[in-house]
Amino acid sequence: MIEFRRVDINEKENLMRLMNEVLDNLERKDFFMPFTEEELGDIFNQDKILTFGAYDNNKIVGMAQLYLDQSYVNEIKNILSIKSDKVAELGGYLVLSDYRNNGIMKQLETILIQEAKKLKYEYIVITVHPENIASNKATEYTGAKIAKVTKFGEYLRNIYLLDIGEKEND
């Protein structure tokens, strides 16, 4: 049975192994925007990034991240004309090929959306290559809608927007 939990700094070596294995075996390299040095440096800084993993008998088989720091989402906020300082990005989705199509990404997304709500975020943004069918389906499962299609450098992306802010009752 798959267990989901926050990834601990003591698991850094296993997390790096997961990243390398998944990224080295991608059919289309343009489906995943490489991690920046800053992202890798902040991966265990919970003020900036929440990293959750999927575990099979304590082996990490999948991961996803919630980027909390506004420096990670400023470009997307500008593209979508979002003024809020409570915008997080879901990203860093990686699942070992043997574990795909088991709902791991959907479960990780659900967990991270709940974390964003607890932290009173108003919006979540997600970027996905338009031809990455599985990732687009997993993203649409969250209720997010495509707000724009654009390029980040050489990477074409659907930008999804999910409004998770608390609605005031009239």
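No experiment lies behind these values; they were computed from the predicted model shown. (Residues numbered from 1 in each chain as written. Predicted model: local features only at pLDDT ≥ 70, side-chain atom pairs only at ≥ 80, totals over all residues. Heavy atoms only, no water.)

A.B. asks: Go over unusual backbone geometry with me, naming the residues and quoting the values.
C.D. replies: One non-glycine residue with positive phi stands out, namely Asn 58, at about 70°. Residue position: Asn 58 is located in the loop between strand E2 (49-56) and strand E3 (59-67). The backbone of Asn 101 shows a phi angle near 65°, a positive value even though the residue is not glycine. For Asn 101, a relative accessible area of 78% puts it in the exposed group. (Helix = DSSP H or I, 4+ residues; strand = E, 2+ residues; numbered from the N terminus. Buried < 20%, exposed > 50% of the residue type's maximum accessible area, 1.4 Å probe, protein only.)

A.B. asks: I'd love a proper account of the nonpolar core, names of residues and values included.
C.D. replies: By size, the foremost hydrophobic cluster in this structure holds 45 residues, and its most contacted members are Leu 15, Met 63, Leu 66, Leu 90, Ile 124 and Ile 126. Elements with a minimum of two residues in this core: helix H1 (12-24), E2, E3, strand E4 (87-95), helix H4 (104-118), strand E5 (123-128) and strand E7 (155-163). When residues no more than four places from it in sequence are discounted, the contact partners of Leu 66 are Lys 48, Ile 49, Leu 50, Ala 88, Glu 89, Leu 90, Leu 112, Glu 115 and Ala 116. One finds Val 73, Leu 80, Val 125 and Ile 159 within the second-largest nonpolar core, a separate group that totals eight residues. (Core = buried A, V, L, I, M, F, W, Y, C linked by side-chain atoms within 4.5 Å. Contact = heavy atoms within 4.5 Å.)

A.B. asks: So what about the sheet that holds strand E6 (residues 145-152)? Which residues, and what values?
C.D. replies: The strand order across the open sheet built from seven strands is E1-E2-E3-E4-E5-E7-E6, with neighbouring strands paired in mixed fashion. Two strands lie at the open edges of the sheet, namely strand E1 (2-6) and E6, each paired on one side alone. When the angles between neighbouring strand axes are averaged without regard to direction, this sheet yields 25°. The sheet contact formed by E5 and E7 spans six bridges and is antiparallel. Across the sheet, residue Val 128 finds its bridge partner in E7, namely Asn 158. Sheet strands in contact with H1 are E2, E3 and E4, and its direction is about 90° off that of E3. (Pairing = 2+ DSSP bridges. Axes fitted to C-alpha atoms, helices over the stretch in contact; angles between N-to-C directions.)

A.B. asks: For the environment of Ile 2, give the residues involved together with the corresponding values.
C.D. replies: With respect to the secondary-structure elements, Ile 2 resides in strand E1. C-alpha of Ile 2 to C-alpha of Tyr 99: the two residues are 97 residues apart in sequence and 9.8 Å apart in space. Not counting chain neighbours up to four residues away, the residues in contact with Ile 2 comprise Ala 54, Tyr 55, Asp 56, Val 61 and Tyr 99.

A.B. asks: Describe helix H5 (residues 133-141), listing the residues and the values that go with them.
C.D. replies: What sets the pattern is the α-helix's 3.6 residues per turn: residues three or four places apart point alike. Turning to H5, its buried residues number three or more, namely Asn 136, Ala 138 and Thr 139. For H5, the angular spread of the buried residues around the axis is 165°, confining them to a single face. Residues Ile 133, Ala 134 and Lys 137 are exposed on H5 and point more than 90 degrees away from its buried face. Looking at the buried side of H5, the elements it contacts are E4, H4, E5 and E7. (Arc of directions from axis to C-beta.)

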